[in-house]
Every structure is written in structure tokens, then in C-alpha cells.
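Structural overview
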Amino acid sequence: MSTGVKAASIIFAAGKGSRMTGYDGNKTLLPLIPGATPFQGDRPMLLHILEQLPNGPKALVVHHRKNEILLATENLNVSYFDQPVTNGTGGALLAARPFLESVKKGGVIITMGDVPLVGRGTYESLLDRLEDHPFVVLGFTPGDRKKYGLLDTEGPFVKRIVEWTYWHRFSPTKQEGLRVCNAGIYAARVEILRFYLDRLEDRPHAVIKEQQGRFGEIKEYFITDLVELLAEDGLKTGFVVARDEREVMGIDDPAALRAAQKLFRLLFSP
């Protein structure tokens with residue numbers, strides 16, 4: 001798929017970001033250029049992501065403080081889709097189903113509103129790989145794998161994405177063979193993605209979470225399940241490895257925000 005071809009994009013901007021202590025707004029609107037405090041300033045993360053994404057129709061999945069998102073993006077040509085319950089990345093994708101139905105063909109980028117340092121060239125690399133694979137995962141190779149999901153690969157293909165819950169029980173030898181982490185950013189042929197949404201919806205996971213001070217079981221859906229769903233039908237997922245792990249850092253807490261603000265000056269300032 002030529003990088004000159006337009007691509008649709010879906011950005012997940014629904015979550016509250018409970019680890020961003022001291023801030024109650026929508027996390028995706030935090031500034032990359034700080035002002036008096038790290039929470040004040042210019043260049044909101046979400047607006048920067050929208051600018052870096054390839055040309056084409058764009059959708060925002062919203063929930064927490066969604067009116068702030070609508071206000072910040074009111075002059076941009078984007079569509080909005082509510083995720084009534086924050087039920088996982090797969091749930092966010094399912095919320096954007098009407099958008100995917102409106103995109104007739106081509107590629108679609110799926111990305112997170114709190115991973116702001118990915119450059120356009122990386123998104124285009126994912127789209128290029130769609131020439132050979134119906135679904136492509138962005139990976140990275142950090143010095144510390146922490147609790148990231150890991151790509152179980154075979155040559156240029158991803159067989160599955162293994163979450164920390166499972167891989168931390170693997171033998172040291174098996175763990176050593178899993179070096180590429182999942183950045184949580186994907187590209188897909190839109191017609192393939194539409195076809196597998198029903199099967200993704202039929203595959204919920206029971207997760208215990210705290211909501212409004214009470215723990216309870218909720219159903220969550222994981223985009224990573226798409227890799228195995230495609231594999232069941234003989235379709236192989238590809239992957240691209242980011243050149244610098246800092247490019248795919250997620251902004252989860254105030255320390256990560258300050259680090260991203262410093263990196264933004266380094267990577268994007270003229």
C-alpha cells in the first residue's frame with residue numbers, strides 16, 4: 001500500500017487515566033509543551049497525534065470528559081463515537097464500528113490518544129506492510145520488557161500476542177525468545193477488520209475491576225485477540241519494529257508526561 005494513499009484512522013481517547021494524579025481532565029489533552037505546570041501549556045497530545053497521522057478520515061472514540069475533546073477538535077474534520085463503558089481496546093474498536101462501515105476500502109490505523117510521539121513515517125511503515133499482511137502490529141524492543149504484551153513471532157509473522165499474565169510464567173529460555181513488545185498501535189485492511197468485528201465481539205474476557213469504589217466483574221474485549229482470530233483462518237499478521245522505543249512511550253502518569261515533554265522538544269521542535 002503506497003504511503004501516498006489516504007488511510008482512515010481511529011484514535012482511542014475515552015479513558016480517564018487514573019494514574020495521572022493531580023489531573024482530572026481528559027488525558028489526551030495534556031500538553032506536550034508545558035507552561036506553568038506540566039498540566040498546563042500548548043500542543044495537546046491528541047492534536048499532535050491527529051497531525052502526524054496519514055491523510056484520510058479520522059474517528060475519535062470518547063467517554064471521559066468527552067465535551068473537552070469535542071471542544072478541542074471542533075474545527076477539525078473528525079467523527080466521534082461514544083464508548084459507553086470503558087471495556088478494553090477491543091470495546092473501543094467495536095464502538096467505532098459505524099466509522100469502519102463508512103470506510104469502503106483501504107487501510108486503517110488504530111492508535112492510542114496517550115502515545116503522542118509516533119511520527120508519520122512509522123504510521124506509513126505500518127500501512128506499507130499491509131501489502132503483504134491483512135493486519136500489522138507495531139512493536140518495539142525495550143531494555144526492560146516490564147509488563148508489556150510480547151509478540152510471539154515466526155519470521156516476519158506474529159503468531160499471537162502474549163500478555164504478561166501468561167509470559168511471566170514461561171521458562172527463562174522461552175522468555176528470552178520473546179523480545180519484541182506490543183506498542184498497542186495497529187494497521188489493518190478495513191474490509192478484513194470489518195469482517196472480524198462480530199467474532200471479536202463474541203470473545204469477551206471476564207475482568208475484575210474497581211469502578212466507583214467497588215470491585216466487580218466486567219466484560220472486556222482485546223484487540224490483540226484479532227491476531228489469533230485471523231490465524232485460525234490461515235491469515236498471517238505482520239509487524240513493524242519502531243526504531244526507538246521512546247517513540248511509543250505511553251503517557252500514564254506525571255513522570256511519563258514530563259519525560260514526553262522533554263522528548264517532544266528533542267524530536268519535533270524545529
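Described in the following lines is the structure provided in the data block. (Residues numbered from 1 in each chain as written. Predicted model: local features only at pLDDT ≥ 70, side-chain atom pairs only at ≥ 80, totals over all residues. Heavy atoms only, no water.)

**Some thoughts on unusual backbone geometry**
- Phi at Arg 43 is positive, roughly 60°, even though this residue is not glycine.
- Turning to its location among the elements, Arg 43 is positioned in strand E3 (residues 41–44). (Helix = DSSP H or I, 4+ residues; strand = E, 2+ residues; numbered from the N terminus.)

**Concerning the pattern of salt bridges**
- Taken as a whole and assessed by the stated rule, the structure comprises 19 salt bridges.
- In this structure, the salt-bridge partner of Glu 68 is Arg 65, at a minimum N-O distance of 2.7 Å.
- Where Arg 246 meets Asp 244, a salt bridge forms, and the shortest distance between an N and an O atom there is 2.8 Å.
- Linked by salt bridges that have partners in common, Arg 199, Arg 203, Asp 225, Glu 228, Glu 232 and Asp 233 make up one network. (Salt bridge = Lys/Arg side-chain N within 4 Å of Asp/Glu carboxyl O.)

**Overview of helix H5 (residues 120–129)**
- Taken together, the buried positions of H5 are occupied by Thr 122, Tyr 123, Leu 126 and Leu 127. Taken around the axis of H5, the buried residues stretch over an arc of 145°, which confines them to a single face.
- Where H5 is buried, its residues meet helix H1 (45–52), strand E6 (107–112), strand E7 (135–140), strand E10 (181–189) and strand E13 (237–241). (Buried < 20%, exposed > 50% of the residue type's maximum accessible area, 1.4 Å probe, protein only. Arc of directions from axis to C-beta. Contact = heavy atoms within 4.5 Å.)

**Overview of the packing of helix H3 (residues 88–95) against helix H8 (residues 190–201)**
- Running from amino to carboxyl end, H3 crosses H8 at an angle of 125°, the nearest separation of the two axes being 11 Å. Judged by the inter-axis angle, H3 sits oblique to H8. Remark: the crossing between H3 and H8 carries left-handed chirality. Contacts between H3 and H8 involve Gly 90, Leu 93 and Leu 94 on the former and, on the latter, Leu 193, Leu 197, Leu 200 and Glu 201. (Axes fitted to C-alpha atoms, helices over the stretch in contact; angles between N-to-C directions. Parallel < 35°, antiparallel > 145°, perpendicular 65-115°, else oblique. Left-handed = near helix turned anticlockwise from the far one by under 90°.)

**Quick notes on the nonpolar core**
- If you look at the biggest cluster of nonpolar residues, it comprises 86 residues, and the most contacted ones within it are Ile 10, Phe 12, Leu 93, Phe 135 and Leu 226.
- Once residues within four sequence positions are removed from consideration, Ile 10 is found in contact with Ala 59, Val 61, Leu 93, Ala 96, Phe 99, Leu 100, Val 108, Ile 109, Ile 110 and Thr 111. (Core = buried A, V, L, I, M, F, W, Y, C linked by side-chain atoms within 4.5 Å.)

**Observations concerning the packing of aromatic side chains**
- Across all of its chains, the model carries 6 aromatic pairs by this definition.
- Measuring from ring centre to ring centre gives 5.0 Å for Phe 140 and Tyr 148, while their planes differ by 85°; the resulting arrangement is edge-to-face.
- With relative accessibility at 3%, the residue Phe 140 sits in the buried group.
- When the ring centre of Trp 164 is taken as reference, the NZ or CZ atom of Lys 147 above it lies at 4.4 Å.
- Positioned above the aromatic ring of Phe 170, the side-chain terminus of Lys 174 is 4.4 Å from the ring centre. (Phe/Tyr/Trp six-rings, centres within 6.5 Å; stacked < 30°, edge-to-face > 60°. Lys NZ or Arg CZ within 6 Å of the ring centre and 35° of its normal.)

The analysis is restricted to geometry; functional conclusions fall outside its scope.
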